[in-house]
Amino acid sequence: MKFLRNYRFTLILLSAILLGGVAGIYFGPKAAVVKPFGDLFLNLMFMLIVPLVFFSIASAIANMNGMKRLGKIMGSILLVFLFTASVSAILGFAGTSIIQPIEPSDIDAIKQVMSGAEVAEETEQPSFLTQLVNTFTVSDFHLLLSRSNMLQLIVFALFFGISTALVGEKAKPVADFLSAATGVMMKMVSLIMYYAPIGLGCYFAAVIGELGPQILEGYARSFVLYLILTVIYYFGFFTLYAFIAGGKAGVQVFWKNAITPSVTAIATCSSAACIPVNLAAVRKMGVPKDIAETIIPLGANTHKDGSVFGGVLKIVFLFALFGKDLTSVSNILSILAVAFLVGAVMGAIPGGGMIGEMLIISVYGFPPEALPIIAVISTIIDAPATLLNSTGNTVCAMLVTRLVEGKKWLGQALKLKDREETA
């Protein structure tokens, strides 16, 4: 009974996803008829993303106890993100070395399948500095009110929170408002989540119905390779990270609270849509509020281990397709580096891989026709990639807490939770 009480919502959500998947396989493309019910859930979640990200980050920083703690948190986040993304890139390349994502016999068939795809007209590429400016800033305030500019919104929220903290006592009403607004947004999330089983079940049915035939075609090898990497990284490395963060207790706490974020990630294929769920999960894991509300929104947009795997897979796929050398040290290092960048620039929304794909083509000088080729790979790996991208941020939050709070952080968090439940 205690198990059912603790995992009731997770079991309901998982059952809805499984039923949706079965319906998608059985009805095929006809399952798209229920997609609007899934879109409704996604739209409700996306509707909250901009204010939730702004209030949570700005509030966490504005109410932080001193700039020294902020610096320690941001430094720890950077260290953890760089470490886990590097591990992903190396593991991904090792996987493609053992299991080739494409055989020579598949090349002609793939080119024939993609020959009718529409390719965007080649446009003049902006300079690196221009791209850098556009990545972190927008030209007008109203552009921040879109999930398409999440990284720019995060930069604005960081500056707003820091400025509020620096003003001090005079800005306390602003800090209190930010804190209260964050609480209101999280309550809205909890209300919307009552609809999650229906919405996610319908959305997943439509996705499986649409992708089923594609997965069985020429890209099956790449999909299977990616699934193998996903299983290894999800169960093996996430467990290792949780152990590093909190020992055996850390592993137990992580897996007790990781199911709901994982199911949501698979169903929505959107790291952005998972932000509210991940925030709630890491708080249950004992991660302090200021760390949780900084790393989760930031990680959804800049830290994507699953996309790093995908970046390696796409680059190796194109190297084989166009006969480029995969054995030279310089090419291997470039693959790891570009895959790392792909994980940082890809969008946190369904189908957000287009930015990363354009980066790959631009860096290596592949023809524009290569874009639809790797776009298919992006589509079929979207669900497991989002699983690693999104759920990975929760275990990273535990690692950051270990660096900021010390090795006894989890024991103290669990004791505080017990006292709150007893009270």
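Just so you know, these numbers come straight off a predicted model, no measurement behind them.

Concerning the overall build of the protein chain
At step 1: Check the secondary structure of the protein chain and you find 18 helices and zero strands.
At step 2: The buried share of the protein chain, taken over its 423 residues, is 49%.
At step 3: Counting only contacts in the protein chain whose residues sit at least 6 apart along the sequence, the fraction spanning at least 24 positions is 83%.
At step 4: Surface summary for the protein chain: the accessible area is close to 20,000 Å², and the carbon and sulfur share equals 67%.

Brief notes about the environment of Lys417
At step 1: You can see Lys417 is positioned in helix 18 (residues 409-422).
At step 2: Along the chain, Lys417 and Lys284 lie 133 residues apart, while their C-alpha atoms are 8.7 Å from each other.

Some details on the packing of aromatic side chains
At step 1: As enumerated under the stated definition, the model contains 20 aromatic pairs in all.
At step 2: Cluster of aromatic residues (ring-pair linked, three or more members): Phe83, Tyr226, Tyr233, Tyr234, Phe235, Phe237, Phe238, Tyr241, Phe254, Trp255 and Phe309.

Some details on the environment of Val133
At step 1: Looking at the secondary structure, you find Val133 in helix 5 (residues 128-136).
At step 2: Remark: the alpha-carbon pair of Val133 and Gln152, spanning 19 residues in sequence, is separated by 9.8 Å.

Concerning the pattern of salt bridges
At step 1: Summed over the entire model, instances satisfying the criterion amount to three salt bridges.
At step 2: Two residues, Asp39 and Lys35, come together in a salt bridge whose shortest N-O distance is 3.2 Å. Separated by four residues within a single helix, Asp39 and Lys35 lie in helix 2 (residues 35-62), roughly one turn from each other.
At step 3: In this structure Lys35 comes out as partly exposed when scored by relative accessible area, which is 28%.
At step 4: Put simply, Glu293 and Lys289 hold a salt bridge, and the shortest N to O gap is 3.2 Å. Here Glu293 pairs with Lys289, and both are found in helix 12 (residues 289-302), just four residues apart, close to one helical turn.
At step 5: With relative accessibility at 7%, the residue Glu293 sits in the buried group.

Observations regarding helix 10 (residues 259-268)
At step 1: Among the 10 residues in helix 10, eight count as buried, and that is most of the element.
At step 2: Those residues of helix 10 that sit buried are Thr260, Pro261, Ser262, Val263, Thr264, Ala265, Ala267 and Thr268.
At step 3: Of the residues flanking the end of helix 10, it is Cys269, one or two places downstream, whose phi is positive at about 55°.

Some thoughts on the nonpolar core
At step 1: Counting residues in each nonpolar core, the largest one holds 112 residues, and the members touching the most others are Phe41 and Ile295.
At step 2: With 15 residues, the single largest contributor to this core is helix 2.
At step 3: In this structure Ile295 touches Ile77, Phe81, Asn393, Cys396, Ala397 and Val400, once residues within four positions along its chain are discounted.

Some thoughts on a positive patch on the surface
At step 1: On the surface, a cluster of positive charge is contributed by Lys407, Lys408, Lys415 and Arg419.
At step 2: Positionally, Lys408 belongs in the loop between helix 17 (382-405) and helix 18.
At step 3: A relative accessible area of 61% places Lys408 in the exposed class.

Some points on a nonpolar patch on the surface
At step 1: On the surface, Phe141, Leu145 and Phe156 cluster together into a nonpolar patch covering about 300 Å² of accessible area.
At step 2: Mapped onto the secondary structure, Leu145 falls in the loop between helix 5 and helix 6 (150-167).
At step 3: Leu145 gets classed as exposed once you look at its relative accessible area, which sits at 56%.

Section: the confidence of the model for the protein chain
Residues shown with low pLDDT carry predicted positions that ought not to be read at fine detail.
At step 1: Averaged over every residue, the pLDDT of the protein chain is 80; residues scoring 70 or more account for 82%.
At step 2: Confidence, read as mean pLDDT per element, is least for helix 4 (residues 104-114) in the protein chain (53) and greatest for helix 9 (residues 220-257) (92).
At step 3: Considering only residues more than four positions removed or in separate chains, one finds that residues 116-123, a stretch of pLDDT under 50, has five contacts.
At step 4: pLDDT under 50 marks residues 347-352. Its contacts with residues more than four places away, or in other chains, come to 22 contacts.

What about the packing of helix 10 against helix 11 (residues 275-284)?
The packing of two helices is summarised by the inter-axis angle and the distance between the axes.
At step 1: Two elements in contact, helix 10 and helix 11, have axes whose closest approach is 9 Å; the angle formed by their N-to-C orientations is 165°. When the axis of helix 10 is compared with that of helix 11, the two are roughly antiparallel. The handedness of the crossing between helix 10 and helix 11 is left-handed. Here Thr260, Pro261 and Thr264 of helix 10 come into contact with helix 11, specifically with Val277, Asn278 and Ala281.
At step 2: Per-class residue counts for the contact of helix 10 with helix 11 are three nonpolar, three polar and no charged.

Conventions adopted
Residues numbered from 1 in each chain as written. Predicted model: local features only at pLDDT ≥ 70, side-chain atom pairs only at ≥ 80, totals over all residues. Heavy atoms only, no water. Helix = DSSP H or I, 4+ residues; strand = E, 2+ residues; numbered from the N terminus. Buried < 20%, exposed > 50% of the residue type's maximum accessible area, 1.4 Å probe, protein only. Contact = heavy atoms within 4.5 Å. Areas by Shrake-Rupley, 256 points an atom, 1.4 Å probe, with all protein chains shown as cover. Phe/Tyr/Trp six-rings, centres within 6.5 Å; stacked < 30°, edge-to-face > 60°. Salt bridge = Lys/Arg side-chain N within 4 Å of Asp/Glu carboxyl O. Core = buried A, V, L, I, M, F, W, Y, C linked by side-chain atoms within 4.5 Å. Patch = residues over 30% accessible without salt bridge, like charges linked within 9 Å, V, L, I, M, F, W, Y side chains within 5 Å. Lys, Arg positive; Asp, Glu negative; His and termini not counted. Charge placed at Lys NZ, Arg CZ, Asp CG, Glu CD. pLDDT = per-residue confidence, 0-100. Axes fitted to C-alpha atoms, helices over the stretch in contact; angles between N-to-C directions. Parallel < 35°, antiparallel > 145°, perpendicular 65-115°, else oblique. Left-handed = near helix turned anticlockwise from the far one by under 90°. Nonpolar A, V, L, I, M, F, W, Y, C, P; charged D, E, K, R; others polar.

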